[in-house]
Amino acid sequence: KEIDGTFHKENNTMEDIEILLPRNEIIDTVEVFLDDNAEICEPTPYKYSKPIVFYGSSITEGGISCNLSNAYTAIISRHLDVDYINLGFSGNGKGEDTMIDYLAKQDPAVFVLDYLSVRGHNKAVFVHARESCKRRNKTDVLSFRRFDRT
């Protein structure tokens, strides 16, 4: 499958360009062609130096968005002018010990743990994830959650 995303500029001002790759697609090659006189520079720094780390399932991954720029992770990042790490895994944001340990080793501005869309999680798993991240990095944790009544 070939996708052509052509970008033309009318003036000579510098501009940051973000390329969002499709989710659940196999990417063989990404090619970027530039005019001979084009210049590539460091991107404009974000307002905040540390990223937001999002962890959850398909909603976090961007599974309900036709365009990944419309995923809530991307919208929040743009609005706050901060980079982000999206650890959304369709059907698999289950808070396993290995993943909690990995999350706790990160150094973000804030963690966002999205358990809202994950069925079958109990409160103990959620609290363990939240407290591990807070204790190890002294970083705030924003949580979305829904617990089954069983």
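Our structure is the block above this text.
These numbers were taken from a predicted model, which means no experiment stands behind them. (Residues numbered from 1 in each chain as written. Predicted model: local features only at pLDDT ≥ 70, side-chain atom pairs only at ≥ 80, totals over all residues. Heavy atoms only, no water.)

Visitor: Help me understand the overall build of the chain in this model?
Guide: Helices and strands together make up the secondary structure of the chain, namely four helices and four strands. For the chain, the α and β elements follow one another from N to C terminus as β-α-α-β-α-β-α-β. Every one of the 150 residues in the chain was classed for burial, and the buried ones make up 28%. Carbon and sulfur atoms make up 50% of the accessible area of the chain, which amounts to about 11200 Å² in all. (Helix = DSSP H or I, 4+ residues; strand = E, 2+ residues; numbered from the N terminus. Buried < 20%, exposed > 50% of the residue type's maximum accessible area, 1.4 Å probe, protein only. Areas by Shrake-Rupley, 256 points an atom, 1.4 Å probe, with all protein chains shown as cover.)

Visitor: It is not clear to me how the environment of Met99 should be interpreted in this structure. Could you clarify?
Guide: Tracing the backbone shows Met99 in helix α3 (residues 97–104). Judged by relative accessible area, which is 14%, Met99 ranks as buried. For the pair Met99 and Leu87, spaced twelve residues apart in sequence, the C-alpha to C-alpha distance is 9.8 Å. Excluding its chain neighbours within four sequence positions, the residues that come into contact with Met99 are Tyr55, Leu87 and Phe89. (Contact = heavy atoms within 4.5 Å.)

Visitor: Sorry if this is basic, but what is going on with the pairing of strand β1 (residues 48–56) here?
Guide: Each regular strand carries side chains that alternate between the two faces of the sheet. Sheet analysis places β1 next to strand β2 (residues 82–88), joined by six bridges and oriented parallel. In the sheet register, Tyr55 faces β2, and the bridge partner there is Leu87. Examined bridge by bridge, β1 and strand β3 (residues 110–114) share four bridges and lie parallel to one another. Bridging across to β3, Ile52 finds its partner in Val110. (Pairing = 2+ DSSP bridges.)

Visitor: I tried to follow α3 on my own but got confused; where do I start?
Guide: Because each turn of an α-helix spans 3.6 residues, side chains separated by three or four positions in sequence point in the same direction. The set of residues buried in α3 consists of Met99, Ile100, Leu103 and Ala104. Along α3, the residues classed as buried sweep out an arc of 135° about the axis, all on the same side. Seen from the buried face of α3, the exposed residues on the opposite side, beyond 90 degrees, are Asp97 and Thr98. (Arc of directions from axis to C-beta.)

Visitor: Before we go on, may I ask you to explain the nonpolar core in this structure?
Guide: Most often, soluble globular proteins have nonpolar side chains that are buried together. By size, the foremost hydrophobic cluster in this structure holds twelve residues: Val53, Tyr55, Leu87, Met99, Ile100, Leu103, Phe111, Leu113, Tyr115, Ala129, Cys133 and Val141. The set of elements that each furnish at least two residues to this core consists of β1, α3, β3 and α4 (123–137). Tallying contributions element by element places α3 first for this core, with three residues. Residues contacting Val53, with those up to four places away along its chain left out, are Ile85, Leu87, Leu103, Gln106, Pro108, Val110, Phe111 and Val112. (Core = buried A, V, L, I, M, F, W, Y, C linked by side-chain atoms within 4.5 Å.)

Visitor: Looking at this structure, how should I read the packing of aromatic side chains?
Guide: Each aromatic ring pair is characterised by the separation of its centres together with the angle its planes make. A complete count under the given rule lists two aromatic pairs for this structure. Taking 5.7 Å as the distance between ring centres and 85° as the angle between the ring planes, the aromatic pair formed by Phe54 and Tyr72 counts as edge-to-face. Of this pair, Phe54 sits in strand β1 while Tyr72 sits in helix α2 (residues 72–80); the two residues are 18 residues apart in sequence, bridging distant segments of the chain. On the basis of relative accessibility, which here comes to 1%, the residue Phe54 falls in the buried class. Taking the centre distance of 6.0 Å and the plane angle of 85° together, the rings of Phe54 and Tyr84 count as edge-to-face. Here Phe54, found in strand β1, pairs with Tyr84, found in strand β2; they are 30 residues apart in sequence, far enough to count as distant. (Phe/Tyr/Trp six-rings, centres within 6.5 Å; stacked < 30°, edge-to-face > 60°.)

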